[in-house]
Protein chains: 2
Amino acid sequence: MGKLYGVGVGPGDKELLTIKAIKVIEKCDVVVVPSAMAGGKSIAYEIAEDYIKKDTEILIKHFPMGGEEQEEKIYEAFKSIEEKLKQGKDVAFLTIGDPFVYSTYIYLLKYIEEHGYETETIPGITSFCACASLANQPLVIGDEPLLILPASRLDSIKDEKYVVIMKVYKVEKQVIDFLEHKGYDYIYIKRAGREGQKVLKHKEDILKEKEYMSIIIATKR
Amino acid sequence: MGKLYGVGVGPGDKELLTIKAIKVIEKCDVVVVPSAMAGGKSIAYEIAEDYIKKDTEILIKHFPMGGEEQEEKIYEAFKSIEEKLKQGKDVAFLTIGDPFVYSTYIYLLKYIEEHGYETETIPGITSFCACASLANQPLVIGDEPLLILPASRLDSIKDEKYVVIMKVYKVEKQVIDFLEHKGYDYIYIKRAGREGQKVLKHKEDILKEKEYMSIIIATKR
């Protein structure tokens, strides 16, 4: 039986892959890459492609965001991966950022483990760490907590000094209005480590952006 | 003038350095490594040593935890680094984990920036991501928030489903009693990616450990 590796490929910069991730990608027989759009590009593939050997089999799997369709697609991906594992092939499943932070890999892993296959997970640089470095903005200092949340859960912000808001795409205005009302300073970062990366601090500039790969780092004044 | 690089070297496993971190360590004239104990070993140095060239100058700087003495030592470190920058030397300051998550580098960077030196920060694999991979334990799923905090701030846990508790050394019992009272499952991980690493789930086993490099990942039942 083959083994499944969940591999964090980091936020976008090809040089933010770890030595361990590269070694796993190089040695696996099959590399599975998720794609956010049907028939679309895979960001994870673009990040890792320089390290994928020519004779490696590549499977692109489309995972829609949420809902029943997502569950179906994850089960479909599991079945394709299981087929490879049964053939004794090692499989690397690539994940943007870290595999255990808001990732489709977590759902996939459940099936893999339920069926008794061997797995190993390789951590990756998270988007928020990469964005902090790019914006030169500390994430958390001293003995303060750090709250990380998707924009859909602004209600869970109490008065934490350090906050990271993920998935701000399409709700940028709502997030910024909330932060201003609550007395937070904020920095918007898009496409960290990729072409077109930007760090923005002014509301009017941020609201002009339409970018899926974007987060906001907020600090209470 | 030289440039200061803050370099995240990850949690302990030498293979969890990124390509970018290695390139910076290789090209800098001076590598500054923090040490938690006066005259003691530097974990950051041990992680990075294979990538430090023979003719690189190495400065070991002791930073005590907190208090006035820490401030003094950070200023002292700034002065030594400034001396090198003025000589036109590039300096890499190594940080365990990520430079912008609970790090001495953040305080040092203030001085460096106040004095107008050029800086660049290279993100690193955080301890909590490495521990999650080692324990095979997702950090956060779906649209839930993730709260990361030091053990000294247990009061800031409300009813977040996903929690990471850092700096549990010497207060393991207090943390576990709190988590059990609040209905959390927990996993204790020590020395992730280093010799003697352990993943423990039982209170009695955890309380036998005395390890500085340890964290707890907790999930509300």
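Fair warning: this is a prediction, and the values are worked out from it, not measured in the lab.

The rules behind these values
- Residues numbered from 1 in each chain as written.
- Chains lettered and ligands numbered in written order.
- Predicted model: local features only at pLDDT ≥ 70, side-chain atom pairs only at ≥ 80, totals over all residues.
- Heavy atoms only, no water.
- Helix = DSSP H or I, 4+ residues; strand = E, 2+ residues; numbered from the N terminus.
- Rg over C-alpha atoms; globule rule 2.2 N^0.38 Å.
- Buried < 20%, exposed > 50% of the residue type's maximum accessible area, 1.4 Å probe, protein only.
- Contact = heavy atoms within 4.5 Å.
- Buried area = accessible area lost by both parts, 1.4 Å probe.
- Salt bridge = Lys/Arg side-chain N within 4 Å of Asp/Glu carboxyl O.
- Polar contact = N/O pair within 3.5 Å; in protein donor to acceptor, adjacent residues only side chain to side chain.
- Nonpolar A, V, L, I, M, F, W, Y, C, P; charged D, E, K, R; others polar.
- Least-squares fit on C-alpha atoms with pLDDT ≥ 70 in both.
- Domains from an automatic or database assignment.
- Phe/Tyr/Trp six-rings, centres within 6.5 Å; stacked < 30°, edge-to-face > 60°.

**Description of the overall build of chain A**
Per the secondary structure count, chain A includes 7 helices and 10 strands. Computed over C-alpha atoms, the radius of gyration of chain A comes to 18 Å, within 12% of the 17 Å expected from 2.2 N^0.38 for 221 residues, which places it in the range of a compact globule. The dimensions of chain A, computed from C-alpha atoms along their principal axes, are 55 × 35 × 35 Å. The proportion of buried residues among the 221 residues of chain A is 59%. Restricting the contact set of chain A to residue pairs at least 6 apart, pairs at least 24 apart contribute 68%.

**Remarks on helix 1 (residues 19–27) of chain A**
All of the buried residues in helix 1 of chain A are Ile19, Lys20, Ala21, Ile22, Val24 and Ile25 of chain A. Close packing links the buried residues of helix 1 of chain A with strand 1 (3–8), strand 2 (30–35), helix 2 (43–48), strand 4 (91–95) and strand 5 (118–122) of chain A together with helix 1 (19–27) of chain B.

**With respect to the interface of chain B and chain A**
Of the residues lining the interface, 49 residues belong to chain B; the matching set on chain A comes to 49 residues. A combined buried area of about 4,100 Å² lies between chain B and chain A, and 61% of that area is made up of carbon and sulfur atoms. The tally of links from chain B across to chain A stands at 6 salt bridges. Inspection of the region where chain B meets chain A yields 26 residue pairs in polar contact (both at pLDDT 80 or more). Looking at the side of chain B that touches chain A residue by residue, the class counts come to 28 nonpolar, 11 polar and 10 charged.

**Some thoughts on the relation of the copies chain B and chain A**
Mapping chain B onto chain A is achieved by rotating through 180 degrees and translating by 0.0 Å along the same axis, at an RMSD of 0.0 Å. Such a combination of rotation and displacement between the chain copies is what one expects of a two-fold axis. Rotation axis and chain B: the residue whose C-alpha lies nearest the axis is Thr18 of chain B, separated from it by 2.0 Å. Most of the interface of chain B is mirrored in chain A: 100% of its interface residues are interface residues there too.

**Regarding the domain arrangement of chain A**
Residues and elements named next belong to chain A. One can read the domain layout of chain A as domain 1 (3–122) and domain 2 (127–220). The C-alpha-based centres of domain 1 and domain 2 are spaced at 27 Å. Across the contact, 11 residues belong to domain 1 and 13 residues belong to domain 2. Interface area, domain 1 with domain 2, both sides summed: about 910 Å², of which 71% is carbon and sulfur. At the boundary of domain 1 with domain 2, the tally comes to 1 salt bridge. Across the pair Glu46 and Arg194 runs a salt bridge, and its minimum N-O distance is 3.3 Å. Here domain 1 and domain 2 share 1 residue pair in polar contact (both at pLDDT 80 or more) between them. Each residue belonging to the side of domain 1 that touches domain 2 can be placed in one class, and the counts come to 8 nonpolar, 1 polar and 2 charged.

**Comments concerning the packing of aromatic side chains**
If you walk through the whole model with that rule in mind, you get 14 aromatic pairs over all chains. When the centroid spacing of 6.1 Å and the interplanar angle of 90 degrees are considered together, the rings of Tyr169 of chain B and Tyr212 of chain B count as edge-to-face. Residue Tyr169 of chain B is located in the loop between strand 7 (162–166) and helix 6 (172–182), and its partner Tyr212 of chain B is located in the loop between helix 7 (203–206) and strand 10 (214–220); the two are separated by 43 residues in the primary sequence. Judged by its relative accessible area of 32%, Tyr169 of chain B is partly exposed. Site record: aromatic cluster; members linked through ring pairs are Phe63, Phe93, Phe100 and Tyr105 of chain A.

**With respect to unusual backbone geometry**
Positive phi values are uncommon outside glycine, yet Tyr102 of chain A reaches one of about 45 degrees. Unlike most non-glycine residues, Arg191 of chain B shows phi in positive territory, near 50 degrees. Residue Arg191 of chain B is classed as partly exposed on the basis of its relative accessible area of 21%.

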